[in-house]
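Analysis of the macromolecular model
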Amino acid sequence: METISSIAKRLNVTNGRIYQIIKEIPADKQPKKDVKGKYNFTKESVEAIERYYNSSSSPKTDIESDLVKQLRVDLEDAKAEIKAKNNQIDKFQQLLDQQQQLNLSTNRQNEKLLDTTTNNNPSQDDNPSQNDDTDVLKSTEGNEVKTSKKGLFGWLRR
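Residues numbered from 1 in each chain as written. Predicted model: local features only at pLDDT ≥ 70, side-chain atom pairs only at ≥ 80, totals over all residues. Heavy atoms only, no water.

1. Description of the overall build of the protein
Summing up its helical and strand segments, the protein has 3 helices and 4 strands in all. What you see in the protein, going N to C, is helices and strands ordered as α-α-β-β-α-β-β. In the protein, which comprises 158 residues, the proportion classed as buried is 14%. In the protein, of all internal contacts separated by at least 6 residues, the share reaching a separation of at least 24 is 42%. (Helix = DSSP H or I, 4+ residues; strand = E, 2+ residues; numbered from the N terminus. Buried < 20%, exposed > 50% of the residue type's maximum accessible area, 1.4 Å probe, protein only. Contact = heavy atoms within 4.5 Å.)

In structure tokens form, the structure reads like this:
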């Protein structure tokens, strides 16, 4: 005589799933309960449960396998896209490094040009100023404000 547990083990499902299947099969195929409330399974009711399980589980498996296949394809696409983005980031990083090196080189050249032009130009009266490294600006109160005269890019030497 069959029991819920033996049918569940054979179909590799839980006892609860067997109870659900029993409720879903037609009433004339359902097993009858005895006085104690236990199911009495006939050969016909067991076959009905197995048929219902096989018919309901097959399409789900196909759908699940299709879903798994689609997810794997999507995962591969995402990996390829990430690889392409990483390559772009590497290329942009190289370009940024090149730009920074070029800017530094240009700034050094500009600084050299400024230093040579400020050292070669004499003052208006052909006398070099006494304080060559500072300019003195006179304010209205008589306080002097000294500013560094190291050129436009003097801040780079610090």
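Having seen the structure, we can now continue with the description.
2. Some thoughts on the pattern of salt bridges
In the structure shown here, the tally under the stated rule is 3 salt bridges. Glu2 is the salt-bridge partner of Arg10, the closest N and O atoms lying 3.2 Å from each other. Taken together, the shared-partner salt bridges in this structure form one network comprising Glu2, Arg10 and Glu50. (Salt bridge = Lys/Arg side-chain N within 4 Å of Asp/Glu carboxyl O.)

3. Side note on the nonpolar core
Counting 14 residues, the largest nonpolar core has Ile4, Ile7, Leu11, Ile18, Ile22, Phe41 and Ile49 as its most contacted members. Put simply, the parts of the chain that give this core at least two residues each are helix 1 (4-11), helix 2 (15-24) and helix 3 (43-120). Setting aside residues up to four positions removed in sequence, Ile4 forms contacts with Asn15, Ile18, Tyr19, Ile22, Tyr39 and Phe41. (Core = buried A, V, L, I, M, F, W, Y, C linked by side-chain atoms within 4.5 Å.)

4. Topic: unusual backbone geometry
In this structure, Asn12 takes a positive phi of about 60° despite not being glycine. Here Asn12 lies in the loop between helix 1 and helix 2. Judged by relative accessible area, Asn12 falls into the exposed class, the value being 69%.

Honestly, that's just the spatial picture; any functional story needs more than this.
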